[in-house]
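Observations on the three-dimensional arrangement
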Amino acid sequence: MIPYLDLHKINDRHRADFESAFKVFMDRGQNILGEAVTDFESQFAQYCGVKFCVGVGNGLDALRLIFEAYKVIGKLKPGDKVLVCAHTYVATVLSVKQAGLTPVLIDATEDTFNFDLKALNELNDPDIKAILPTHLYGALAPMNEISALANTRNWLVIEDAAQAHGAKNQHNSRAGHLGDAAGFSFYPTKNLGALGDAGAVTTDDAQLAEVIRCLRNYGSQQRYYNKFSGFNSRLDELQAAFLTIKLPQLDQDNARRVHIAMRYDAEIINPHIRLPLGRYHGDHVYHLYVVRTGYREKLERHLQRQGIGTLIHYPVPPHKQEGLTELGLERHPIAELLHDTVLSIPMSPVLTKEEVDQVIAGLNSFTP
Ligand SMILES: Cc1ncc(COP(=O)(O)O)c(C=O)c1O
């Protein structure tokens, strides 16, 4: 049996260190915003190559607090439009909406699973004030083109880096340092995953970091004095300690993911299965390996019979979600096609060579 993702095996590699960290936590007695949070913030900032990292409760809040902080600073105002790719996880869209801004969805392209750059270039709406590219599945969004366009239009660029810890562009700049600010999730399944909910914002903007530091803690800089009307979304002290233990392993884990992706690319040969574009130079950290097929249910069942777990990321696009009807009735045909045909196959740094062999054989033996 090859589970879609064996989280237990991933985390068991660090069990002894986690247990020591728990002991330190108990001995120190700092339960909220203590040394472990500060340590992780400085190490993750250094890893991403940014000046500031602010730990928060989860990835959705990381993005939402960036927008809230820009409103406090005066760079955004309620109702401003923010561009989001229609093929993304629903949290990307929710972060914009929850901050009182207006998400504007732009369709994806089939090859990149990301923004249709031609459609972006044609936009000419002065109410658009920011763009929120998602590095979906671990592949960097086309940031050179997005940044160039954002420069000419004066848009803020906020990265949804929830799936791309460690991904690097051609100049060795990492996700988290490719825009004005970035939101990370450390949800347990992520390439850098905690043992519970956790998230962070990275930025070089001192004012933005300072405001988010307040907003995550009721808007307070000094205990019981509230400078802003804030939230409660702090990175948990224990989760921060666990993340600090896992961070040094991230690059090696990502390299293993790329190695597996290269094998899948080279060895899965089946006319009914379309493979993603191969990207091996660090700009894709293969959070997910996503194939496409017009026979998704049959392929799922075929793999299941062979003991190979799969998942769909994601079955319903944000604009078709029951809870997001205000996004309107506009269609985004490519995003819809992608949502109807994608299937994620096992991908993780702890997959063995034999398991990868079996996954490849399973996909190659499929006939609709
Ligand atoms: C692309 C993307 N954005 C945002 C989030 C939200 O992160 P969290 O689950 O930590 O709130 C996720 C996580 O699942 C995600 O995949």
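Above this text sits the structure in question.
Computed from a predicted model, the values in this text were never measured in an experiment. (Residues numbered from 1 in each chain as written. Predicted model: local features only at pLDDT ≥ 70, side-chain atom pairs only at ≥ 80, totals over all residues. Heavy atoms only, no water.)

Thoughts on the overall build of the chain
A count of helices and strands for the chain gives 13 helices and eleven strands. Taking 2.2 N^0.38 as the reference for a compact globule, 368 residues should give roughly 21 Å; the C-alpha atoms of the chain span a radius of gyration of 21 Å, in line with that estimate. Here the C-alpha coordinates of the chain stretch approximately 65 × 55 × 40 Å along the principal axes. Classification of the 368 residues of the chain by burial places 54% in the buried group. Restricting to contacts in the chain with at least 6 residues of sequence separation, those with at least 24 account for 71%. Taken as a whole, the chain presents about 16,000 Å² of accessible surface, with 51% of it coming from carbon and sulfur. The distance from the centre of the 37 positive side-chain charges to the centre of the 43 negative ones in the chain is 1 Å. (Helix = DSSP H or I, 4+ residues; strand = E, 2+ residues; numbered from the N terminus. Rg over C-alpha atoms; globule rule 2.2 N^0.38 Å. Buried < 20%, exposed > 50% of the residue type's maximum accessible area, 1.4 Å probe, protein only. Contact = heavy atoms within 4.5 Å. Areas by Shrake-Rupley, 256 points an atom, 1.4 Å probe, with all protein chains shown as cover. Lys, Arg positive; Asp, Glu negative; His and termini not counted. Charge placed at Lys NZ, Arg CZ, Asp CG, Glu CD.)

Quick notes on the pattern of salt bridges
Tallying each qualifying case throughout the model produces 24 salt bridges. The salt bridge partner of Arg-216 is Glu-41, with a shortest N-O separation of 2.8 Å. Note that Arg-216 is positioned in the loop between helix 8 (206-215) and strand 8 (220-222) and Glu-41 in helix 3 (residues 35-48), a separation of 175 residues in sequence. Residue Arg-216 shares its accessibility class with Glu-41, and that shared class is buried. (Salt bridge = Lys/Arg side-chain N within 4 Å of Asp/Glu carboxyl O.)

Brief notes about unusual backbone geometry
Omega for the bond connecting His-313 with Tyr-314 falls within 30 degrees of zero, at 10 degrees, which places this linkage in the cis form. Structurally, the position occupied by Tyr-314 is in the loop between helix 11 (296-305) and helix 12 (333-341). One non-glycine residue with positive phi stands out, namely Leu-33, at about 45 degrees. Along the polypeptide, Leu-33 turns up in the loop between helix 2 (15-28) and helix 3. Note on Leu-33: relative accessible area 29%, which makes it partly exposed.

Here's the deal with the sheet that holds strand 3 (residues 102-106)
Here we have seven strands laid out as an open sheet, ordered 1-7-6-5-4-2-3, and mixed in their pairing. In the strand order of this sheet, the two ends are held by strand 1 (52-56) and strand 3, each with one partner. Strand-to-strand, the axes of this sheet are offset by a mean angle of 25 degrees, without reference to chain direction. Looking at chain direction, strand 6 (residues 181-185) and strand 7 (residues 199-203) are connected through five bridges and run antiparallel. What sits directly across from Ser-185, in strand 7, is Gly-199. Strands in contact with helix 4 (residues 59-73) are strand 1, strand 2 (81-85), strand 4 (128-132), strand 5 (156-160), strand 6 and strand 7; relative to strand 6, the strand with the most contacts, it is inclined by about 155 degrees. (Pairing = 2+ DSSP bridges. Axes fitted to C-alpha atoms, helices over the stretch in contact; angles between N-to-C directions.)

Considerations on the packing of aromatic side chains
Scanning all chains against the criterion turns up twelve aromatic pairs. Look at Phe-40 and Phe-44: their rings are 5.4 Å apart centre to centre, the planes differ by 20 degrees, and that puts the pair in the stacked class. Of the two residues, Phe-40 and Phe-44 are both situated in helix 3; the distance of four residues between them amounts to about one turn of the helix. (Phe/Tyr/Trp six-rings, centres within 6.5 Å; stacked < 30°, edge-to-face > 60°.)

Brief notes about helix 4
Residues separated by three or four positions in an α-helix point in the same direction, a consequence of the helix having 3.6 residues per turn. Helix length check: helix 4 (15 residues) gives 21 Å between terminal C-alpha atoms against 21 Å at 1.5 Å per residue, within 8%. Counting buried residues in helix 4 gives eleven out of 15 residues, a clear majority hidden from the surface. A side-chain oxygen of the first residue of helix 4 lies 3.2 Å from the backbone nitrogen of Leu-60; this N-cap is Asn-58. Within two residues after helix 4, Gly-74 carries a phi angle of roughly 95 degrees, on the positive side. (Expected span 1.5 Å × (residues − 1). Polar contact = N/O pair within 3.5 Å; in protein donor to acceptor, adjacent residues only side chain to side chain.)

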